[in-house]
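# Observations on the three-dimensional arrangement
Each chain is listed here by its residues.
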Amino acid sequence: MGAIEVDTPGGGKTKAMMERDDLAATDAPVSDCPLPGPATDTVTPALLESADRISRSWTSRHAGRLRPGSEEHKREVCRMFRETFNPYRPSVLSWPKLSPEERHRLASLPIWDIAVHTEGRARLRFAAYARSIADEEMREAIMLNAWEENRHKEVLSKLVEAYGIELAPEPVYDAPRNVQWAYLFTGYSECIDSFFAFGLFKLAHQSGFFPQELVETFEPVMQEECRHILLFANWLAWHRANLPWWRRLLFEFRVAAVWMAIVRDRIGMARGLEAKGSAPHDNSNFTVKGASALSPVEFGARDLMQLCLQENDRRFAGYDARLLRPTTIPTLIRLALFVSKRWARKRVGRQLQPAD
């Protein structure tokens, strides 16, 4: 990554933070949007390296357990998200020059429309939900999450502009009618997509599909997704723990309904891939398309699942172990690996049995 102008986070609700809250719900570019704290000059390589390191590693100063739902848990989760903020600016990212072959491979990925649209919707949905939260600390953390989603959208827009990748016209991003449903749907979708994206990103790097310089430029966005789903997992536990039993029951029904909606969405995307043309633009993820594009790389399904698990664990390893991690997808993948391994052993055993 080249030299990047930054703003450094500071304490308190500054005028810049309030302006950021307003900007999180707009389509304004974030390159020149103010952030918490005093602006600094263009960073040196040492400062850039320090910011990247801080964004990947954080330990709470709180002694003892961080019980989900407690004031201490909520405070430290929000502090983690604030203190691990990476102040890179999309407008001055240094996009490496690609060879015609590398540029063609990048442009051939059928994910760019969906990726840009996904980030645009996520920004709007997160900002809308943040405004509905009474707790000031959690509201500010999720609003910063929305701001970062908008920054992801600009990073992707700068990438496709730099390499001449044509995008379909952006749709109008409508404000969600049910803000909690939209936040849950988008949050769980990000948990799914990020888990597989971590592995696919590593695979693309290992295979040479992405050149090293491009991987390094895009890396902060990948790690930022890790922070986002870490915040979501801990918000979820905090929110659940503070609901009375009858509202908790209703909330669990809503979560189950969200998972059903996500499954329907993924099935619809898979069917769209079978048809000619692109899948509908109203998709919440691009994992399936990305996997399809990388499938020519000789890498078995079990190897890919193992790589996704390894990368998922690696990216979370730097954060305080007392903070909760998303568990649904990693647990399902581990179960799938266990079952496939047992099934493979039985199949080999049957093949080795002597014929009568």
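Residues numbered from 1 in each chain as written. Predicted model: local features only at pLDDT ≥ 70, side-chain atom pairs only at ≥ 80, totals over all residues. Heavy atoms only, no water.

### Points about the overall build of the protein chain
Heads up, the condition is: Elements are defined by DSSP. Helices are runs of H or I of four residues or more, strands are runs of E of two residues or more, and each kind is numbered from the N terminus. Only heavy atoms matter for contacts: two residues are in contact if any of them lie within 4.5 Å across the pair. Computed by Shrake-Rupley with a 1.4 Å probe, the accessible areas treat only the displayed protein chains as cover when residues are assessed.
The secondary structure content of the protein chain amounts to 12 helices and 0 strands. Sequence-ordered secondary structure for the protein chain, helices as α and strands as β, is α-α-α-α-α-α-α-α-α-α-α-α. Put simply, 83% of the contacts in the protein chain that link residues at least 6 apart link residues at least 24 apart. Counting every atom, the protein chain has about 17600 Å² of accessible surface; 57% of that belongs to carbon and sulfur.

### Quick look at helix α6 (residues 136–162)
Put simply, the rule is: By this rule the span expected of a helix is its residue count minus one, scaled by 1.5 Å. Working definition: with a 1.4 Å probe on protein chains only, accessible area under 20% of the residue-type maximum means buried, over 50% means exposed, and in between means partly exposed. Think of a polar contact as two N or O atoms within 3.5 Å of one another; within protein, one of them needs to be a possible hydrogen donor and the other a possible acceptor, and neighboring residues in sequence only count if both atoms come from side chains.
Compared with the 39 Å implied by 1.5 Å per residue over 27 residues, the 39 Å span of α6 between its first and last C-alpha is a close match. The buried count for α6 comes to 20 of 27 residues, which makes it a mostly enclosed element. You can read the cap of α6 off the contacts: a side-chain oxygen lies 3.2 Å from the backbone nitrogen of Glu137, and it is on Asp135. In the stretch just after α6, Gly164 is the one whose phi turns positive, near 65°.

### Quick notes on the packing of aromatic side chains
To keep things clear, this is the line we draw: Aromatic contacts are taken between Phe, Tyr and Trp rings whose centres are within 6.5 Å, Trp giving its six-membered ring; a plane angle under 30 degrees counts as stacked, one over 60 as edge-to-face, and the others as tilted. Two thresholds decide whether a charge sits over a ring: the Lys NZ or Arg CZ must be within 6 Å of the ring centre and within 35 degrees of the ring normal.
Inspection of every chain in the model, using the stated rule, returns 14 aromatic pairs. Each ring, one from Phe209 and one from Phe210, has its centre 5.5 Å from the other, and the planes form 65°; the classification is edge-to-face. Residue Phe209 is classed as buried on the basis of its relative accessible area of 12%. Classification of Phe210 as buried rests on a relative accessible area of 15%. The structure contains a cluster of three or more aromatic residues connected by ring pairs, namely Phe126, Tyr129, Tyr183, Tyr188, Phe232, Trp235 and Trp259. A cation over a ring is seen here: Arg151 above Tyr88, with NZ or CZ 3.8 Å from the ring centre.

### Here's the deal with the confidence of the model for the protein chain
Heads up, the condition is: A residue's pLDDT is the confidence the predictor assigns to it, expressed on a 0 to 100 scale.
Averaged over all residues, the pLDDT of the protein chain is 81; the fraction at 70 or higher stands at 75%. Within the protein chain, the element-level pLDDT minimum falls on helix α1 (residues 15–23), averaging 47, and the maximum on helix α3 (residues 71–83), averaging 97. Across residues 278–285, confidence stays below pLDDT 50; counting only partners more than four residues off in sequence or on other chains, it has 25 contacts.

### A short note on helix α5 (residues 112–131)
Each α-helix turn comprises 3.6 residues. Residues three or four places apart therefore point the same way. Counted at 1.5 Å a residue, the expected span for α5 with its 20 residues is 28 Å, and the 29 Å between its end C-alpha atoms agrees. With 17 of 20 residues buried, α5 lies mostly within the body of the structure.

### Some remarks on the pattern of salt bridges
One side chain can pair with another of opposite charge once the charged atoms of both are near each other. Stated formally: Each salt bridge in this description consists of a side-chain nitrogen of Lys or Arg and a carboxyl oxygen of Asp or Glu lying within 4 Å of one another.
Counted according to the given criterion, the structure contains 20 salt bridges. Among the ionic pairs, Lys74 bridges to Glu137, the shortest N-O distance being 2.8 Å. Highlighted residues: Lys74 in helix α3 and Glu137 in helix α6, separated in sequence by 63 residues. Note that Arg334 is salt-bridged to Asp313, the shortest N-O span being 3.3 Å. A residue pair is termed long-range when its members are at least 10 positions apart, and Arg334 in helix α12 (residues 328–352) and Asp313 in helix α11 (residues 301–316) qualify at 21 residues. The class for Arg334 is partly exposed, based on a relative accessible area of 41%. Ionic contacts of the salt-bridge type, sharing partners, join the residues Asp52, Arg56, Glu219 and Arg315 into one network.

### A closer look at the nonpolar core
Within soluble globular proteins, side chains that are nonpolar tend to cluster in buried spots. Heads up, the condition is: Here, the term nonpolar core denotes a set of buried Ala, Val, Leu, Ile, Met, Phe, Trp, Tyr and Cys residues that are joined through side-chain atoms within 4.5 Å.
Membership of the largest hydrophobic core comes to 75 residues, with the highest contact counts inside it found for Ile142, Leu159 and Trp235. Counting only elements with at least two residues in this core, the list comes to α3, α5, α6, α7 (179–207), α8 (212–241), α9 (245–274), α11 and α12. With 13 residues, α8 is the single largest residue contributor to this core.

### What to know about a nonpolar patch on the surface
Stated formally: Each patch is built from residues lacking any salt bridge and having more than 30% relative accessible area; the joining distance is 9 Å for like charges and 5 Å for nonpolar side chains (Val, Leu, Ile, Met, Phe, Trp, Tyr).
Residues Trp245, Trp246, Leu249, Leu250 and Phe253 make up a contiguous nonpolar surface patch of about 670 Å² in total accessible area. Positionally, Leu249 belongs in helix α9.

### Focus: the environment of Arg103
Along the polypeptide, Arg103 turns up in helix α4 (residues 100–108). Given a relative accessible area of 30%, Arg103 falls into the partly exposed group. For the pair Arg103 and Gly164, spaced 61 residues apart in sequence, the C-alpha separation works out to 8.9 Å. Not counting residues within four places of it along the chain, the set of residues in contact with Arg103 comprises Leu98, Tyr163, Gly164 and Ile165.

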